[in-house]
Amino acid sequence: PRHMDSVLAILEALESPARGGSPGTATALGRRLGVCSTPGCRAVLGEPPGTPERPLALTPGQWQLLTELLRHDPATPELGAVLAPDGSTVALGPLLAGIEAGLRSGGFGRPLPTLDPPADPLLAVTITEALGISFLLAQGSDNNVTTLGPGGCWDDVENPRNYTLRGPPSPVPDPVAIGAMDGVILGAQLARGPFPVAELLRGYYGTGNGSEAGRPPSSYRRRHFRALTGQGRLEKEVGAVLGVLRMLSPSLELLRDMGTQEVAAVARQAAREFSERYVECPAIMPRCLWGARPYQGTPALLQPPLGSVFLHHTLEPARPCWTFSACARAMRDMQHFHQDTRGWDDIGYSFVVGSDGYLYEGRGWHWVGAHTKGYNTQGFGIGIVGDFTASLPDPDTLALVRDELLPCAVRSGHIRPDFTLRGHRQLGHTDCPGNALFQEIQSWPGFE
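Residues numbered from 1 in each chain as written. Predicted model: local features only at pLDDT ≥ 70, side-chain atom pairs only at ≥ 80, totals over all residues. Heavy atoms only, no water.

## Topic: the domain arrangement of the chain
Thought 1: One can read the domain layout of the chain as domain 1 (4-280) and domain 2 (288-442).
Thought 2: Measuring from the centre of the C-alpha atoms in domain 1 to the corresponding centre in domain 2 gives 33 Å.
Thought 3: Contacts between domain 1 and domain 2 engage 22 residues on the former and 15 residues on the latter.
Thought 4: Summed over both partners, the interface of domain 1 with domain 2 buries about 1,600 Å², with 48% contributed by carbon and sulfur atoms. (Domains from an automatic or database assignment. Contact = heavy atoms within 4.5 Å. Buried area = accessible area lost by both parts, 1.4 Å probe.)

## Describing the pattern of salt bridges
It is possible for side chains bearing opposite charge to pair when their charged atoms get close.
Thought 1: Summed over all chains, the structure comprises 17 salt bridges.
Thought 2: With a shortest N-O distance of 2.7 Å, Asp346 and Arg287 are connected by a salt bridge. In this pair, Asp346 is assigned in the loop between α14 (324-341) and β7 (351-353) and Arg287 in helix α13 (residues 287-290), connecting sequence segments 59 residues apart.
Thought 3: Note on Asp346: relative accessible area 1%, which makes it buried.
Thought 4: For Arg287, a relative accessible area of 18% puts it in the buried group.
Thought 5: Residues Glu440 and Arg402 are paired through a salt bridge, measuring 3.6 Å at the closest nitrogen-oxygen approach. Placement of Glu440 in helix α16 (residues 435-441) and of Arg402 in helix α15 (residues 395-411) is noted, with a sequence separation of 38 residues between them.
Thought 6: Judged by its relative accessible area of 25%, Arg402 falls in the partly exposed class. (Salt bridge = Lys/Arg side-chain N within 4 Å of Asp/Glu carboxyl O. Helix = DSSP H or I, 4+ residues; strand = E, 2+ residues; numbered from the N terminus. Buried < 20%, exposed > 50% of the residue type's maximum accessible area, 1.4 Å probe, protein only.)

## Topic: the UniProt feature "domain: N-acetylmuramoyl-L-alanine amidase" (unreviewed entry) in the chain
Thought 1: UniProt's entry tags residues 292-434 with the feature "domain: N-acetylmuramoyl-L-alanine amidase" (unreviewed entry), counted in the numbering of this structure.
Thought 2: Helix makes up 24% of residues 292-434 and strand 20%, with an end-to-end C-alpha separation of 26 Å. (UniProt positions renumbered as here; feature names shortened; annotations may be inferred.)

## What to know about the nonpolar core
Thought 1: Ranked by size, the top nonpolar core spans 81 residues in total, and within it Leu45, Leu66, Leu95, Ile99, Leu131, Leu201 and Phe274 carry the most contacts.
Thought 2: If one sorts the elements of this core by residue count, helix α7 (residues 174-190) sits on top with 10 residues.
Thought 3: Setting aside residues no more than four positions away along its own chain, Leu95 makes contact with Met4, Val90, Gly179, Asp182, Gly183, Leu186, Leu201 and Tyr205.
Thought 4: Core analysis: the second largest hydrophobic core is formed by 26 residues, Phe351, Leu359, Phe380 and Phe388 among them. (Core = buried A, V, L, I, M, F, W, Y, C linked by side-chain atoms within 4.5 Å.)

Dropping the structure here:
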C-alpha cells in the first residue's frame with residue numbers, strides 16, 4: 001500500500017546499523033533514484049551518483065515500491081505520493097530532499113555549498129525552486145495556467161494504491177506543497193542534530209492509517225511552516241533561488257529576458273498565493289477521502305458570496321474526533337443518518353470541523369445544504385464534531401474556525417466581508433450549538 005507506514009518500514013530497514021545503515025542512507029539512495037532532478041536541487045545537493053542496485057536490507061517488493069515512488073516525472077507527480085496517517089497526501093521527493101539538506105546542514109555528511117546569490121538551501125530543495133518555476137511558467141504563457149494544485153483522491157484510504165489528481169497538474173500540486181512543508185519542518189529539526197529519520201517521521205506522522213492515539217504533529221504543519229517561513233521570507237527566498245537559477249549554465253530561457261523588478265514581482269505573487277492557499281487557510285478533506293456516498297437527487301447551486309455563517313455542534317457523535325480515521329468515520333455515520341433516517345439528499349452541513357485540525361467537505365462551497373431550516377440558501381452551515389453543551393472544543397479547533405476558516409472564506413469570495421455569524425438556536429427551536437459553544441461565539445467577529 002502507498003501509505004507512510006510502508007515508507008517508514010523501508011527507512012527503518014535502510015537505517016538499521018545491524019545492516020550497515022545510517023541516518024543518511026535513505027536520503028542518499030533517494031537522490032540516486034531521482035528525488036533531486038531539478039537544476040536548483042542539484043546545485044544544493046549535488047549530482048546523483050550512478051543508478052543504484054537493490055540494497056540487501058530491502059525485499060524486492062519494498063525496492064519496487066521505493067523506485068516507483070521516487071522516480072521523478074513532472075508529467076505524473078501523483079505517482080510519487082503516499083497517504084499519511086493524518087489523512088494528508090505527501091510527495092516523497094521534496095520531503096526526502098528537505099531531510100537530506102537538514103542532515104547535511106547539521107553536520108551529517110558533506111557540507112552544503114554556499115549558493116550565489118545567497119539562498120536558503122533547505123527552502124531551495126523543498127519549495128522555493130518549484131514555486132518560482134511554477135509562477136515563471138504562468139508569466140510566460142498566454143493561457144490561464146494552473147500555478148498551484150490540484151488535490152486528488154485515493155482509490156481506498158484503508159489500502160491506498162492509486163492516487164488521482166482532480167485536474168491538470170501544476171508544478172506544485174497539493175501533495176508536493178505538503179511534502180515540501182514537511183521537508184522544511186523536519187529538515188529544520190534534523191539541522192539541530194541528526195537522529196534516525198524513520199524515528200523522526202514516525203513521531204511526526206503518527207502510526208497506522210487507523211491510529212486513534214491522538215492528533216499527530218503533522219496536522220499542525222501549516223502553523224509550524226508559518227513560524228519557520230513567513231510570507232515575507234518565502235518571497236525573499238523565491239527571488240533568491242530564481243537568482244541562483246539565472247546564474248546556472250545553461251540559464252533558464254524563462255529568466256533570460258526578465259529584469260530584477262519582474263523577478264521580484266513573480267516572487268511576491270508566488271509567496272502570496274502559496275501562503276493564502278496552504279498556510280493561512282485550513283486544509284479541507286474532500287468527500288472522496290472520507291468515503292462519502294453519492295448525493296441522492298439533484299443539488300441546488302448557491303449564489304456566493306453569501307451573507308451568513310451558521311454554527312452547529314453535531315451532538316452525535318458527542319465526543320470530538322482527534323484523528324483522520326475517527327473523523328472520517330464520524331462523517332460517514334452522519335451522512336448515513338441524514339440520508340437514511342432523515343431522508344435528506346446528503347449530509348446536511350456545508351463543512352464539518354474535526355479536532356484533528358481539518359475541515360471535512362459536506363455540501364461544500366457550491367451546493368445548498370440542509371443545516372438551518374429556512375436559511376439554507378443564505379449561508380453556510382459549519383458543524384463542529386462533539387456535544388458542546390457543557391464544554392468547549394479545544395482552543396486549536398476554535399481558532400481554526402474563528403481565525404482561519406472565516407477570514408479565508410471572505411478572501412476567497414465565498415462569504416461577504418460584512419457576514420453575520422449566528423448559532424443554530426437563533427434561527428430554530430434547538431439547543432444547538434450547545435450552551436458552552438454558543439456563549440463562546442458571541443465574542444467572535446460577525447456575531448449578531
